[in-house]
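Reading the structure
Here are the chains, one letter per residue:
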Amino acid sequence: TARQLLRTGEPLGTPAWIRTAYGAELVQPFSRRVLLWNPATNRVRATAVADAAVGAGLVPDGSIAGALLARITARLATVPDDGVGVAVRLTTPTGSIIVSWGGTMPYPSASVLKVAILAAYEEAIAHGDLRRTTESEDLATAMIFFSDNDAANDLIDLVGRGQINDLMRRIGLQKSYLGSHFDTATENDDDENVLVPREAITLMDAVLRGTTGDVGRIRELLGQSTAPGSVRDALPVVAATYPLYEKRGWYDGVENDLLHLDLAPGMSLTLAIFQSDVSDVEIAWSLFADLTTITLDALEAAG
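Here we summarise the structure given alongside this text. (Residues numbered from 1 in each chain as written. Predicted model: local features only at pLDDT ≥ 70, side-chain atom pairs only at ≥ 80, totals over all residues. Heavy atoms only, no water.)

Below, the discussion takes up the packing of aromatic side chains. Within the structure shown, the criterion is met by two aromatic pairs. Between the aromatic rings of Phe-145 and Phe-146, the centroid separation amounts to 6.1 Å while the plane-to-plane angle is 85°, which identifies the pairing as edge-to-face. On the accessibility criterion, Phe-145 (16% relative accessible area) is buried. Looking at Lys-114, its charged tip hangs above the ring of Phe-182, at a distance of 4.9 Å from the centre. (Phe/Tyr/Trp six-rings, centres within 6.5 Å; stacked < 30°, edge-to-face > 60°. Buried < 20%, exposed > 50% of the residue type's maximum accessible area, 1.4 Å probe, protein only. Lys NZ or Arg CZ within 6 Å of the ring centre and 35° of its normal.)

What follows is the structure, given as structure tokens:
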């Protein structure tokens, strides 16, 4: 009907066959909805492009947010695993937008939460509560460069788990939480480590602005972190063209990535991708690169 067409918005691509939990379906992205037709039932499903995005007014027809979210939705429809949360912040000289898919729910953080430990460590030094020593710098380097869990645990004990969580609250992370050490439980641990995708991009943007301490040192560490499946390795041309800051996190069944690209003066992209029920690691890794490429293509198309 005309009303249904108004709700879907403008077509953003040609239909394509995908495999979903309902079998083979024909999918077509629009700026406000993604339509999926199931030939077995001859029914059409309309999927909202993101959590609360329509209600927040983030996806008017023809906007970069609408186009981006529809394309992200079409890509996520091909992911065989449940438990995927994505959040994107696009910043331009005239302002920024945040759009997400499942981006307001907490997910197992894996090692991405080490960005918060680094932030609290640097803030403690900036406030004079800690001294920067060769030993503490070696721990920070090992924690970020190599995602070393023992180094992260030592820094948790040095800075204080309560201080790390306090910092996250102060910069706007309300549902994310450092509840335990990595791999090794202690008597003071009280919960799981979780991150919310929308809050993760707030964390990354805060540390790279210098809100929590020595921004030069933070950028040095996050700018050289290494991990299997990183966007740095998957998109070497992108990594060579733009400053890329990234922290990966993974363990059995969990594959997460948090990255930031400085695209031009006053323009940047921050992307959080959390996958908590991974059955094929190669598919999980490809999602990191694909969503980064989709977002960069949307920016280029918008001029």
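The next point concerns helix H7 (residues 197–209). The terminal C-alpha atoms of H7 lie 19 Å apart, and with 13 residues this matches the ideal 18 Å at 1.5 Å per residue to within 8%. Burial analysis of H7 places ten of its 13 residues in the buried class, the great majority of the element. The complete set of buried residues in H7 reads Pro-197, Glu-199, Ala-200, Ile-201, Leu-203, Met-204, Asp-205, Ala-206, Val-207 and Leu-208. The first or second residue beyond H7 is Gly-210, which carries a positive phi of 90°. (Helix = DSSP H or I, 4+ residues; strand = E, 2+ residues; numbered from the N terminus. Expected span 1.5 Å × (residues − 1).)

Attention now moves to the pairing of strand S5 (residues 84–92). With seven of its nine residues buried, S5 lies for the most part within the structure. With seven bridges connecting them, S5 and strand S6 (residues 95–101) associate as antiparallel partners. Pairing of Val-86 across the sheet is with Trp-101, part of S6. Here S5 hands over to S6 after two residues, the two strands then running antiparallel side by side. (Pairing = 2+ DSSP bridges.)

Geometric values such as these leave the question of function open.
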